[in-house]
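One-letter residues, chain by chain:
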2 protein chains.
Amino acid sequence: MQFAGSPSPDTPRMFLSGTTQYAIRAVIHVAEHAADEPLRVDDIAAALDVPRNYLSKTLHQLVRAGVLKSGRGPRGGFQLAEPPDALTLARVAAPFDDLANRQCLLGRATCTSRRPCSAHGRWESISTQMLTFFGHTTIADLMAEIAERPSTAPVHDRPPAASLRTSGPPRGRTARRARAAP
Amino acid sequence: MQFAGSPSPDTPRMFLSGTTQYAIRAVIHVAEHAADEPLRVDDIAAALDVPRNYLSKTLHQLVRAGVLKSGRGPRGGFQLAEPPDALTLARVAAPFDDLANRQCLLGRATCTSRRPCSAHGRWESISTQMLTFFGHTTIADLMAEIAERPSTAPVHDRPPAASLRTSGPPRGRTARRARAAP
DNA sequence: TGCATTTATCATGTGGATATGATAAACTCG
DNA sequence: CGAGTTTATCATATCCACATGATAAATGCA
């Protein structure tokens, strides 16, 4: 099956907004790092290759949404506010994109669940599957396996990760970031 | 399951662009009318409750795409260029929204079919179903039954719809369009 | 032919998503 | 405390989807 070879717009319309994509990727990236060491915006932005200042604002929204924790100053940065298997994509996307509230496929003002339009029923099953996907898939599901660990083991049975900083040992701070300060 | 009660944006992001929605609805509306009488922009815009001039431009793009035919002057207007069961949603949407070319869910530049990102496989099956939906659903599938019809019958167990008009009896043509010209 | 009708095209406006740069505020540590 | 680091916030800038209004071009008909 091969859709019409029309001219079509340059940038295909994305399912998730750019900001939502940034948010999910950022949370995944944070989750893939040691939980006891916060990640700075600069590092996240560099890793994702997205604009730093814009990402900063986006991360802040995730903090307000309770997805991330943040701290300022030296040793500041971002950490997960909850374990990765508790963070669904819907939860991460919520501040930017209300996935649950997608309405009539054709934008008909008169289309309701009472009087659905002709496209409604046909689209609904797919639409429902999408909601389920975003509601059930968690950040843990999308994390790359870190270091040693049976490659496909579910994230569940991992040790509690030392209570997310707040008290852990200083841990060296071995010269990450070779950026020369001017 | 109940997504986070976040503030969330005012206008939920639509799956199809507004213009694509206009286009599909317009084509359905044209298809629901007698094939031998062109429909004017004013009538279509009024029926869909969308801005007239903008719709005009959109309809013209459908003409260039071979979905509609148009004529100017008195007795001008728009008609289908092909029978409704030959017009898939993908075909109608193509000039505005390249559905087939949706890329990585998370917008990752490095995500390819060779090296898919962690979200890729999980999303793919849903994504594929959407493509199939738009590639298989036709305008004929979405047309309201014209004239007499059992009011709430589910769409399934309906008789095959008599090869979808194209040759049925003229079916009345009772005084449409009562606009008094000034 | 001349006029009314209707689509085609052009010029421009508006709002939101995305992005940038500068400044303020909070935090750590010598 | 004071200096350096890092997030939080503010003030704009840009681009595109969507929209508006005016004008041009084509068509049918008296």
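Residues numbered from 1 in each chain as written. Chains lettered and ligands numbered in written order. Predicted model: local features only at pLDDT ≥ 70, side-chain atom pairs only at ≥ 80, totals over all residues. Heavy atoms only, no water.

**Side note on helix α3 (residues 52–64) of chain B**
All names here are of chain B. With 13 residues, α3 extends 19 Å from end C-alpha to end C-alpha; this agrees with the ideal 18 Å at 1.5 Å per step. Within the sequence span of α3, burial applies to Leu55, Thr58, Leu59 and Leu62. Looking straight down α3, one finds its buried side chains confined to an arc of 100°; they lie on one side. Across from the buried face of α3, at angles greater than 90 degrees, the exposed residues are Asn53, Lys57 and Arg64. The secondary structure elements touched by the buried residues of α3 are α1 (18–31), α2 (41–48), β1 (68–71), β2 (77–80) and α4 (89–93). Backbone geometry just after α3 places glycine 66 at a positive phi near 80°. (Helix = DSSP H or I, 4+ residues; strand = E, 2+ residues; numbered from the N terminus. Expected span 1.5 Å × (residues − 1). Buried < 20%, exposed > 50% of the residue type's maximum accessible area, 1.4 Å probe, protein only. Arc of directions from axis to C-beta. Contact = heavy atoms within 4.5 Å.)

**Looking at the interface of chain A and chain B**
Counting from both sides, the interface comprises 47 residues of chain A and, opposite them, 48 residues of chain B. Summed over both partners, the interface of chain A with chain B comes to about 4,600 Å²; 66% of that surface belongs to carbon and sulfur atoms. Run the count over chain A and chain B and you get zero salt bridges. Applying the counting criterion to the chain A and chain B interface returns 13 residue pairs in polar contact (both at pLDDT 80 or more). Looking at the side of chain A that touches chain B, the elements that each hand over two or more residues are α1 (18–31), α4 (89–93), α5 (120–136) and α6 (139–142) of chain A. (Buried area = accessible area lost by both parts, 1.4 Å probe. Salt bridge = Lys/Arg side-chain N within 4 Å of Asp/Glu carboxyl O. Polar contact = N/O pair within 3.5 Å; in protein donor to acceptor, adjacent residues only side chain to side chain.)

**Observations regarding the confidence of the model for chain A**
Residues and elements named next belong to chain A. When pLDDT is averaged along chain A, the result is 79; 73% of the residues meet or exceed 70. For the stretch residues 1–9, pLDDT sits under 50, and the model shows 18 contacts to residues farther than four places along the chain or on other chains. Low pLDDT (under 50) marks residues 148–182, which in the prediction has 21 contacts with non-local residues, meaning those over four places away or in another chain. (pLDDT = per-residue confidence, 0-100.)

**Regarding the relation of the copies chain A and chain B**
Rotating chain A by 180° and moving it 0.0 Å along the rotation axis overlays it on chain B with an RMSD of 0.1 Å. Look at the turn and shift together and you get a two-fold axis relating the two. Among all residues of chain A, the one whose C-alpha sits closest to the rotation axis is A:Phe15, at a distance of 3.2 Å. Interface overlap between copies: 100% of the residues of chain A at the interface are likewise at the interface in chain B, consistent with a symmetric, same-surface contact. (Least-squares fit on C-alpha atoms with pLDDT ≥ 70 in both.)

**Some points on helix α5 (residues 120–136) of chain B**
When the terminal C-alpha atoms of α5(B) are compared, their 23 Å separation across 17 residues agrees well with the 24 Å that a helix rising 1.5 Å per residue should span. Taken residue by residue, α5(B) has B:Trp123, B:Ile126, B:Ser127, B:Met130, B:Phe133, B:Phe134 and B:Gly135 as its buried positions. The secondary structure elements touched by the buried residues of α5(B) are α5 of chain A together with α4 of chain B.

**Looking at empty space enclosed by the protein**
If you walk through the whole model with that rule in mind, you get two cavities of 30 Å³ or more. What the largest cavity holds in volume is close to 120 Å³. As for the largest cavity, its lining consists of 13 residues, of which A:Met14, A:Phe15, B:Arg102, B:Gln103 and B:Cys104 are closest to the centre. The greatest single-element share of the lining of the largest cavity, amounting to three residues, is contributed by α5(B). Tallied by class, residues from the lining of the largest cavity come to eight nonpolar, three polar and two charged. In this structure, the second largest cavity encloses a volume near 40 Å³. (1 Å grid on protein atoms, 1.4 Å probe; cavity = no way out; pocket = protein on both sides within 12 Å on 5 of 7 lines; lining within 4 Å. Points joined across faces, edges and corners; volume = space filled by probe spheres on them. Nonpolar A, V, L, I, M, F, W, Y, C, P; charged D, E, K, R; others polar.)

**With respect to the packing of helix α2 (residues 41–48) of chain A against helix α3 (residues 52–64) of chain A**
Residue and element names in this part refer to chain A. Relative to each other, α2 and α3 sit at 115°, their axes nearing to 9 Å. For the element pair α2 / α3, the angle class is roughly perpendicular. Read as a crossing pair, α2 and α3 show a hand that is right-handed. In contact with Val41, Asp42, Ile44 and Ala45 of α2, α3 contributes Arg52, Leu55, Ser56 and Leu59. (Axes fitted to C-alpha atoms, helices over the stretch in contact; angles between N-to-C directions. Parallel < 35°, antiparallel > 145°, perpendicular 65-115°, else oblique. Left-handed = near helix turned anticlockwise from the far one by under 90°.)

**Description of the protein's contact with DNA strand C**
Around DNA strand C, 23 residues are found, and the nearest of them are A:Gly18, A:Thr19, A:Tyr22, A:Asn53 and B:His60. Here the atoms of DNA strand C within 4 Å of the protein split so that 77% fall in sugar or phosphate, with bases taking the remainder. In the model, a phosphate oxygen of DNA strand C is placed 2.8 Å from a nitrogen or oxygen of the A:Gly18 main chain. Within the contact set of DNA strand C, a phosphate oxygen lies 2.8 Å away from a side-chain nitrogen or oxygen of A:Tyr22. Among the elements that make up the surface near DNA strand C, the one with the highest residue count is α1(A) (three residues). (Near = heavy atom within 4 Å.)

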